[in-house]
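Structural characterization, general
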Amino acid sequence: MDERRKPLIAGNWKMNLDLAGATTLAREVLQRTARMRTADICVLPASPLIQAVAKVLEGSAVGFGGQDISPEEEGAFTGDINARMLLSLGCQYVCIGHSERREFHLETDESVRAKTGRALASGLIPIVCVGERLAERDSGATFQRIERQITVGLGGLSSEEMARVVVAYEPVWAIGTGRTATPAQAEEVHEYIRKLLAGMFGEVIASRTRILYGGSVKPGNARELMGQKDVDGALVGGASLSAESFAGIVECTG
Ligand code: 13P
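Reference entry: report on the structure contained in this document. Quick caveat: nothing in here was measured; it's all calculated off a predicted structure.

Cut-offs applied
- Residues numbered from 1 in each chain as written.
- Predicted model: local features only at pLDDT ≥ 70, side-chain atom pairs only at ≥ 80, totals over all residues.
- Heavy atoms only, no water.
- Helix = DSSP H or I, 4+ residues; strand = E, 2+ residues; numbered from the N terminus.
- Rg over C-alpha atoms; globule rule 2.2 N^0.38 Å.
- Contact = heavy atoms within 4.5 Å.
- Areas by Shrake-Rupley, 256 points an atom, 1.4 Å probe, with all protein chains shown as cover.
- Lys, Arg positive; Asp, Glu negative; His and termini not counted.
- Charge placed at Lys NZ, Arg CZ, Asp CG, Glu CD.
- Salt bridge = Lys/Arg side-chain N within 4 Å of Asp/Glu carboxyl O.
- Buried < 20%, exposed > 50% of the residue type's maximum accessible area, 1.4 Å probe, protein only.
- Core = buried A, V, L, I, M, F, W, Y, C linked by side-chain atoms within 4.5 Å.
- Near = heavy atom within 4 Å.
- Polar contact = N/O pair within 3.5 Å; in protein donor to acceptor, adjacent residues only side chain to side chain.
- Pairing = 2+ DSSP bridges.
- Right-handed = clockwise from strand over helix to strand, strands pointing away.

1. Re the overall build of the chain
When its secondary structure is counted, the chain shows 12 helices and eight strands. Relative to the compact-globule value of 18 Å for 254 residues, the chain shows a C-alpha radius of gyration of 17 Å, a close match. Seen through its principal axes, the chain has C-alpha atoms that stretch 45 × 45 × 35 Å. Considering only residue pairs separated by 6 or more positions, the chain has 73% of its internal contacts joining residues 24 or more positions apart. Of the roughly 11,300 Å² that the chain leaves accessible, carbon and sulfur atoms contribute 51%. Side chains of the chain carry 28 positive and 32 negative charges; the gap between the two charge centres is 3 Å.

2. Focus on the pattern of salt bridges
When the charged atoms of two side chains with opposite charge come close together, those side chains can pair. Counting across every chain of the model gives 23 salt bridges. The salt bridge involving Glu74 is made with Arg84; its shortest N-O contact spans 2.8 Å. Taken together, the residues Glu74 in the loop between strand S3 (62-66) and helix H3 (83-88) and Arg84 in helix H3 connect sequence positions 10 residues apart. You can call Glu74 exposed: its relative accessible area is 55%. As a salt-bridge pair, Glu110 and Arg148 come within 2.8 Å of each other at their nearest N and O atoms. You can see Glu110 sitting in helix H5 (residues 109-122) and its partner Arg148 sitting in helix H7 (residues 142-153), a full 38 residues away along the chain.

3. Quick word on the nonpolar core
Looking at soluble globular proteins, one finds that nonpolar side chains tend to be buried together. Formed by 67 residues in total, the largest nonpolar core has its most connected members in Leu154, Val167, Ile193 and Leu197. Top contributing element to this core by residue count: helix H9 (residues 183-201), with seven residues. Ala10, Tyr93, Val166 and Ala168 belong to the second largest nonpolar core, which has 12 residues in total.

4. Some thoughts on the site of the ligand
Contacts to the ligand come from 13 residues, most closely from Lys14, His98, Gly176, Ser216 and Gly238. Between an oxygen atom of the ligand and a side-chain N or O atom of Glu170, the distance comes to 2.9 Å. Gly237 is positioned with one of its backbone polar atoms (N or O) 2.9 Å from an oxygen atom of the ligand. For the ligand, the accessible surface in isolation is 310 Å², of which the surrounding protein chains cover 95%.

5. Brief notes about the pairing of strand S8 (residues 233-236)
One face of the sheet, then the other: side chains in a regular strand alternate in exactly this way. Residues of S8 alternate between two faces, with Gly233 and Leu235 on one and Ala234 and Val236 on the opposite face, all of them buried. The pairing of strand S1 (residues 8-12) with S8 spans four bridges and is parallel. If you follow Ala10 over to S8, its bridge partner there is Leu235. Pairing geometry for strand S7 (residues 211-214) and S8, over two bridges, is parallel. Paired with Gly214 across the strands is Leu235, a residue of S8. Taking the sense of rotation as the criterion, the β-α-β connection linking S7, helix H11 (residues 219-226) and S8 turns out right-handed.

6. Observations regarding the side chain of Ser207
Mapped onto the elements, Ser207 comes out in helix H10 (residues 203-208). Among residues more than four places away in sequence, those in contact with Ser207 are Arg4, Arg5 and Arg194.

7. Let's talk about the environment of Gln51
With respect to the element layout, Gln51 can be found in helix H2 (residues 50-57). Along the chain, Gln51 and Leu89 lie 38 residues apart, while their C-alpha atoms are 6.0 Å from each other.

8. Considerations on the pairing of S1
Of all five residues making up S1, five are buried, and the element is well covered by its neighbours. On S1, burial covers both faces: Leu8, Ala10 and Asn12 on one face and Ile9 and Gly11 on the other are all buried. The pairing of S1 with strand S2 (residues 40-44) spans five bridges and is classified as parallel. Its bridge partner being in S2, Leu8 is matched across the sheet by Asp40.

In structure tokens form, the structure reads like this:
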């Protein structure tokens, strides 16, 4: 971490919990993180649960947001949700281009770009996910994959827009597998992403952009990962479903 960038710890609840479970977890997160000031914190519940979570978190230091938005403004897009709906619930954040969306919903770098633009135009902070698959890592194609995801996914944004983007590096092989990237493996890619951003948007914007690491982050490995110079927080899946472990990760930023 670099003191110019306040860490962000984001909990991606994915397709877990129900109304009662999400409300309880939000309350517990609020209690356990109440005195923690070393990081920005947010949770990303499934869409039908956001309103209940918002009621718990409104006015607190814990932000919240959605897991995806449509690139379209509104209309006949059954099953999709738009930025305005999230904003009307009080959301500040939206996750975009998660590898599970790319894999199961065929999202592309182009659709990531469209969704990122929509989020920014609406005033949401996009958390834009990138990351290589295991086969890409094994064949030495990691940087090539990341380069395309960044240059297409964030291409053509203005500097003002990019200043509001959060990037999350999530190697697909480390998600939900218990197999975390080593701090050195994470740092190598984070540093590469920052260099790409410097080329696209200039050094100032690049040095201010928060780049989160995601993939089996837990209280036991978070401190070392976030001790890397270009790792500015975490996007947490499984460990965000327990307030104790999620708060334990936030604690690692102190
Ligand atoms: P895990 O922390 O469960 O590996 O999930 C990471 C992730 O995909 C967060 O978006």
